[in-house]
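Structural features, examined
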Amino acid sequence: MKLAMVLYHYFPWGGLQRDFARIAREAVSRGHDVEALVSDWQGDSIEGVGLHVLPVSGRSNHGRMASFAAAVQRAVEAGGYDRVLGFNRLPGLDVYFAADSCFAAHVADKFPLVRWLPRYAAYLKLEEQVTAATGPHLLFLNDDQRDQYLNYYPLPASRYQVLPPGIEPDRRRPENHEELRNRIRRELVVAENESLILFLGSGFKVKGLDRVLAAFTKLPDSTKLMIVGNDDAEPYLRGLDEAIRNRVVVLGPRDDVPALMQAADLLLHPAYRESAGMVLIEATVAGLPVLTTDTCGYARYVKEAGSGEVITSPFSQRDLNQTLQKMIGTVPGGWQAAGLEYGSSPALYRLAQNVVDAVEVGR
């Protein structure tokens with residue numbers, strides 16, 4: 001099978017991008033001819049995957065996405081593909097990996113005329129195309145996301161399926177976890193009697209770095225924070241007291257996330273909204289206690305595993321602050337053991353296989 005995999009922007013640190021890479025490798029391992037259609041590619045190539053960087057124009061994000069959609073349609077028409085698997089809301093897909101939360105639900109919370117603004121109108125149109133009667137088969141990441149879409153679009157059960165969470169086995173706690181923990185903490189100058197919080201994600205605004213810092217300022221001096229991800233933390237750090245700023249380490253994007261998780265005492269992820277939040281499950285199976293918000297799709301698995309605490313909506317900074325203070329004083333508590341036990345389930349590691357299965361049967 002000749003398979004096109006479509007993603008607007010690839011870089012090696014995002015959760016969606018890592019899903020893309022794992023699914024591509026799984027398809028290649030089954031003997032399929034895989035080609036990636038992207039507007040931009042950062043990082044190493046994926047062995048066995050052809051790369052097509054499509055020209056995109058436009059001054060705004062939604063303008064560039066519309067330009068990308070048109071370029072994809074032209075590439076698909078000329079490419080002779082048997083299947084087209086998309087990771088963004090785009091026309092012409094056979095299967096849509098629904099990485100985004102429902103945009104219609106997002107717009108519903110805003111002033112009614114907002115939907116007529118160019119940005120919102122463009123994204124709504126793309127979403128309506130993937131949910132139309134002639135649209136692709138949809139792969140949802142969790143039940144909450146599915147229900148959100150079904151509130152706005154009359155999708156028959158034959159048009160979608162819910163994927164189990166899928167992570168890479170190397171995210172589980174390794175045998176040398178103590179060695180990794182000690183090495184990273186020495187590098188970051190974290191004493192044995194100090195607590196280390198991990199904030200991890202690309203897109204600091206949506207992931208809630210402002211909430212993280214507001215909560216962190218209430219913690220004792222024996223607590224440090226490491227910020228990891230492909231974004232600029234400096235705007236969030238301006239105005240912090242120097243003593244607090246000195247307890248924050250900004251590491252940028254990193255390839256050694258499993259080691260960083262072993263070094264940390266708690267993952268803090270109070271995102272404003274996130275369809276999945278792969279980092280929540282990765283932390284869980286690594287034995288790293290989690291504090292997150294219920295606006296993350298995978299927060300339900302934190303509850304299911306008993307691997308951390310979930311702040312319920314409507315969000316309260318006070319609730320986050322108080323819960324963080326309680327957790328940091330008792331970690332690892334029972335959260336670590338619960339997460340490690342949850343990570344022993346083989347079903348957690350089959351997302352790529354399930355996606356390729358769905359593409360192969362032509363759904």
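In what follows, the structure referred to is the one given above.
Residues numbered from 1 in each chain as written. Predicted model: local features only at pLDDT ≥ 70, side-chain atom pairs only at ≥ 80, totals over all residues. Heavy atoms only, no water.

**Some thoughts on the pattern of salt bridges**
In the structure shown here, the tally under the stated rule is 23 salt bridges. Here D357 and R30 are joined by a salt bridge, their closest N and O atoms 2.8 Å apart. Of this pair, D357 sits in helix α16 (residues 351–360) while R30 sits in the loop between α1 (15–29) and β3 (33–38), and the two are 327 residues apart along the sequence. The class for D357 is partly exposed, based on a relative accessible area of 30%. Taking relative accessible area as the criterion, R30 reaches 28% and is therefore assigned partly exposed. (Salt bridge = Lys/Arg side-chain N within 4 Å of Asp/Glu carboxyl O. Helix = DSSP H or I, 4+ residues; strand = E, 2+ residues; numbered from the N terminus. Buried < 20%, exposed > 50% of the residue type's maximum accessible area, 1.4 Å probe, protein only.)

**Some thoughts on helix α4 (residues 118–131)**
For an α-helix the count is 3.6 residues per turn, leaving residues at separations of three or four pointing the same way. In this model α4 runs 20 Å from its N-terminal to its C-terminal C-alpha over 14 residues, within 8% of the 20 Å that 1.5 Å per residue would give. Inspection of α4 places Y120, Y123, L124, L126, E127, V130 and T131 among the buried residues, and these make up the whole buried set. Projection of α4 onto a plane perpendicular to its axis shows the buried side chains occupying an angular sector of 160 degrees, all on one side. Every exposed residue of α4 that faces more than 90 degrees away from the buried side is listed here: P118 and K125. For α4, the elements touching its buried residues are α2 (61–79), β7 (95–97), α3 (103–108), β8 (137–140) and α5 (143–150). (Expected span 1.5 Å × (residues − 1). Arc of directions from axis to C-beta. Contact = heavy atoms within 4.5 Å.)

**Thoughts on the packing of aromatic side chains**
The tally for this structure, following the rule as stated, stands at 15 aromatic pairs. Note on F140 and Y160: the rings are 5.8 Å apart at their centroids and 55 degrees apart in plane angle, and the pair reads as tilted. Here the residue F140 occupies a position in strand β8, and Y160 occupies one in strand β9 (residues 160–162), the gap between them amounting to 20 residues. The burial state of F140 is the same as that of Y160; both residues are buried. (Phe/Tyr/Trp six-rings, centres within 6.5 Å; stacked < 30°, edge-to-face > 60°.)

**Structural notes on the sheet that holds strand β14 (residues 290–293)**
Ordered by their spatial adjacency, six strands build an open sheet running β12-β11-β10-β13-β14-β15, and the pairing between neighbours is parallel. The open sheet has two edge strands, β12 (248–252) and β15 (308–311), and neither has a second partner. The mean angle between the axes of side-by-side strands here comes to 20 degrees, regardless of whether they run parallel or antiparallel. Pairing geometry for β14 and β15, over four bridges, is parallel. Of the residues in β15, the one forming a bridge with L291 is E309. Its contacts with the sheet place helix α8 (residues 209–216) against β10 (195–200), β11 (223–228), β12, β13 (266–269) and β14, and it is angled at close to 170 degrees to β11. (Pairing = 2+ DSSP bridges. Axes fitted to C-alpha atoms, helices over the stretch in contact; angles between N-to-C directions.)

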